[in-house]
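Chain by chain, the residues:
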Amino acid sequence: MIEGKKIALYVTGGIAVYKVVDLLRELIKQGAEVRVAMTTSACEFVSPLTFQVLSKYTVYTNTFTEDNPEVVNHINIADWSDFSVVAPLTANTLAKLANGIADNFVTSALLATTNPVFAVPTMNANMYTNPVTQENIERLKTRNYKVMTPDTGFLAEGYSGQGRYPEKSRIIEELESYIHSVSNALPLKGKKVIVTAGGTKERIDPVRYISNDSSGKMGHALAIEAWKQGADVTLVSASQLESPAYIARVQVESAQDMQDAVLKEFDHADAVIMAAAVSDYAPVKMEEQKMKKKDELTLQFKKNPDILKDLGQKKKTGQVLIGFAAETHELLNYAEEKLTAKNADLIVANQVGVKDRGFNVDQNEVTLLSKNNPPRTISLRNKSDISAEIIEWLINFMN
Ligand SMILES: Cc1cc2nc3c(=O)[nH]c(=O)nc-3n(C[C@H](O)[C@H](O)[C@H](O)COP(=O)(O)O)c2cc1C
């Protein structure tokens, strides 16, 4: 989301300025081009030189330092940027922005900005809850601003309250979500994609189950990648892995739960990616109480629903169907069979039972099999890179 974006970072004079140094580093690490402007008060907390060295660009602090006769700097940065971030945003600058005051470089540039602005208000709790501050926040929200809610906790003043600068991970997550919501040019914008992930659990009794080694890493990486390309994603996950707050998630346990959850969304979906390792069998009966130890135990299993086959053969009305074939042997033969038998558009074949790929590791090597095309192998690499290739296939197929 952030990669390749031109971001204007406006820093105003709060105690949290030192934390924005780390935010700048993160934005650059994620591939953004960042230019920084600071208020005079912000310069009291951290020297502009720090931001200059990290952004590798002159830091703007004065409206009238016009070093380039060809441009007016505060207009130039406003026109150049794809997005602006104001962090920390002081109560003072917030009030100025809400009222259209342009009396320094930061407020002048922001008044000239027509692109989306993401603001991180950070201040004393009493300043934050003051009705005038709240009114100013509401005003900005009706314009091109997304205003974050500050954290609650121990403040620099020595007492607890709302107004703290949020964790960097929360800022990045909300910023990505915001960029996603305002980006119209993404290839999967307006498309609904369902992704399943993880190994289903089939209960034997309230504390025991059978399952498989799938961690859900591949499915979760695919959900994130589809979302990054603009899709409205529902992740139906049987995994215990965390997923970003911006992705709608339905937590499931058994194959039956997973099928129910997928069918609920299927009619409105444009694509389904079945990356979950669905258990083929489930115990015929789940004991209601924990089973007591016996000398011998025989369990009877019944066949689980074949979700992909059911979608491909009975339910499909134009949705793109992507399935996975996880095999220990004869990988490509089984995958070819699956492509036809399930009426899928793509089968992603991956070897399991090998240490460095497949289930429960960060890497994978896969072969993409689709109708009327020769198999294409994507060599061993990170699951997020593999996901990017699969989503690229989906985008091309949809076009
Ligand atoms: C030590 C110290 C910490 C401050 N922290 C904050 C803060 O976190 N948030 C805030 O709104 N103002 C804070 N202020 C007050 C602002 O610096 C002051 O309102 C200033 O005028 C803001 O200028 P600016 O909005 O142009 O950057 C702090 C002031 C001092 C002296």
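Treat the numbers as computed from the prediction; the structure is a model and nothing was measured.

A. Representation of the environment of Ala119 within the structure. You can see Ala119 is positioned in strand E4 (residues 117-121). The exposure class assigned to Ala119 is buried, which follows from its relative accessible area of 0%. Linking Ala119 and Glu157, residues 38 residues apart in sequence, is a C-alpha distance of 22 Å. Excluding residues within four positions of it along the chain, Ala119 makes contact with Val86, Leu89, Tyr145, Lys146, Val147 and Met148.

B. Layout of the site of the ligand. Near the ligand lie 13 residues; those nearest to it are Gly13, Thr39, Thr90, Ala91 and Thr93. In this structure, Thr90 approaches the ligand through a side-chain N or O atom, which is 2.6 Å from an oxygen atom. Within the side chain of Asn92, an N or O atom sits 3.0 Å from an oxygen atom of the ligand. Protein burial of the ligand: of its 640 Å² of free accessible surface, 64% is covered by the chains. Put simply, the parts of the chain that give the shell around the ligand at least two residues each are helix H2 (40-45) and helix H5 (91-98). The element contributing the most residues to the shell around the ligand is H5, with three residues.

C. Just the domain arrangement of the protein, in detail. For the protein, the domain assignment lists domain 1 (6-182) and domain 2 (192-398). One C-alpha centre belongs to domain 1, the other to domain 2, and the line joining them spans 42 Å. If you look at the interface, domain 1 gives four residues, while domain 2 gives six residues. Summed over both sides, the interface between domain 1 and domain 2 buries roughly 460 Å², with carbon and sulfur atoms accounting for 61% of that surface. It is Glu173, Glu176 and His180 that lose the most area in domain 1 upon contact with domain 2, and together they represent 88% of the buried surface on that side. Linking domain 1 with domain 2 are zero salt bridges. At the boundary of domain 1 with domain 2, the tally comes to three residue pairs in polar contact (both at pLDDT 80 or more). Per-class residue counts for the side of domain 1 that touches domain 2 are no nonpolar, two polar and two charged.

D. Looking closely at the UniProt feature "binding site: CTP" (unreviewed entry) in the protein. UniProt records the feature "binding site: CTP" (unreviewed entry) for Asp280, Lys290, Pro305, Asp306, Ile307, Leu308, Phe324, Lys338 and Lys342 in the present numbering. The greatest C-alpha distance among the residues just named is 37.5 Å, and with 63 residues of sequence between them they are spread in space as well. Counting through the fold element by element, Ile307 comes out in helix H12 (residues 307-315). When its relative accessible area of 3% is taken as the criterion, Ile307 is described as buried. Not counting residues within four places of it along the chain, the set of residues in contact with Ile307 comprises Ala255, Met258, Gln259, Met274 and Val278. Its location among the elements puts Lys338 in helix H13 (residues 331-341).

E. Summary view of helix H4 (residues 73-80). All of the buried residues in H4 are Asn73, His74, Ile77, Ala78 and Trp80. Residues of H4 that are buried in the fold lie against strand E1 (6-11), strand E2 (33-38) and helix H6 (105-111).

F. Representation of the packing of aromatic side chains in the model. According to the stated counting rule, one finds four aromatic pairs in the structure shown. Geometrically, the ring pair formed by Tyr60 and Phe105 is stacked, given 4.8 Å between the ring centres and 10 degrees between the ring planes. With Tyr60 in the loop between helix H3 (48-55) and H4 and Phe105 in helix H6, the pair connects residues that are 45 residues apart, well separated along the chain. The pair Tyr60 / Phe105 is uniform in exposure class, with both members buried. One residue, Arg35, lies across the ring of Trp80, its end atom 4.3 Å from the ring centre.

G. Geometry of the sheet that holds strand E12 (residues 248-251). Spatially, E12-E11-E8-E13-E16-E17-E18-E19 is the arrangement adopted by the eight strands of the open sheet, whose pairing is mixed. On the outer flanks of this sheet lie E12 and strand E19 (376-382), each paired with one strand and no other. Neighbouring strand axes in the sheet, compared pairwise and without regard to direction, differ in orientation by 20 degrees on average. Alignment of strand E17 (residues 346-351) against strand E18 (residues 363-370), held across five bridges, turns out to be antiparallel. Bridge pairing links Ile347 to Leu369 in E18.

Basis of the calculations
Counting restarts for each chain, with residues numbered from 1 along the sequence as it is written. For a predicted model such as this one, the threshold for reporting local features is a pLDDT of at least 70, and the threshold for listing and counting side-chain atom pairs is 80 or more; totals across whole chains, interfaces and linings nevertheless cover every residue. As a rule here, side-chain values come from all non-hydrogen atoms in the structure, and water together with hydrogens is ignored. Under the DSSP-based scheme used, a helix requires at least four consecutive residues in state H or I and a strand at least two consecutive residues in state E, with every element numbered from the N terminus. Buried residues are those whose accessible area, probed at 1.4 Å on protein chains only, stays under 20% of the maximum for their type, while exposed residues exceed 50% and partly exposed ones sit between those limits. Two residues qualify as a contact provided that any one of their heavy atoms is within 4.5 Å of a heavy atom in the partner residue. The nearness test applies per residue and asks whether one of its heavy atoms lies within 4 Å of the molecule or strand. Under this definition, polar contacts are N or O atom pairs within 3.5 Å; protein pairs additionally need one hydrogen-donor-capable and one acceptor-capable atom, and for neighbouring residues in sequence, both atoms have to be side-chain atoms. We get accessible surface area from the Shrake-Rupley algorithm with a probe of 1.4 Å; when it comes to residues, only the shown protein chains can shield them. The split of the chain into domains comes from an automatic or database domain assignment. As used here, buried area is the combined drop in accessible area, with a 1.4 Å probe, of two parts when they are placed together. Salt bridge, as applied in this entry: a Lys or Arg side-chain nitrogen positioned within 4 Å of an Asp or Glu carboxyl oxygen. The classification used treats Ala, Val, Leu, Ile, Met, Phe, Trp, Tyr, Cys and Pro as nonpolar, Asp, Glu, Lys and Arg as charged, and all other residues, Gly among them, as polar. UniProt positions are given in the numbering used here, feature names are shortened, and annotations may be inferred rather than shown by experiment. Paired rings are identified among Phe, Tyr and Trp, the last through its six-membered ring, by centres lying within 6.5 Å, and are further divided according to the angle between planes into stacked (under 30 degrees), edge-to-face (over 60) and tilted (the rest). Note on geometry: a ring has a charge over it if NZ (lysine) or CZ (arginine) is within 6 Å of the ring centre and within 35 degrees of the ring normal. By the convention used here, strands pair only if DSSP detects at least 2 bridges between them. Note on method: axes are straight lines fitted to C-alpha atoms, helices fitted across the in-contact stretch only, with angles between N-to-C directions ranging 0 to 180 degrees.

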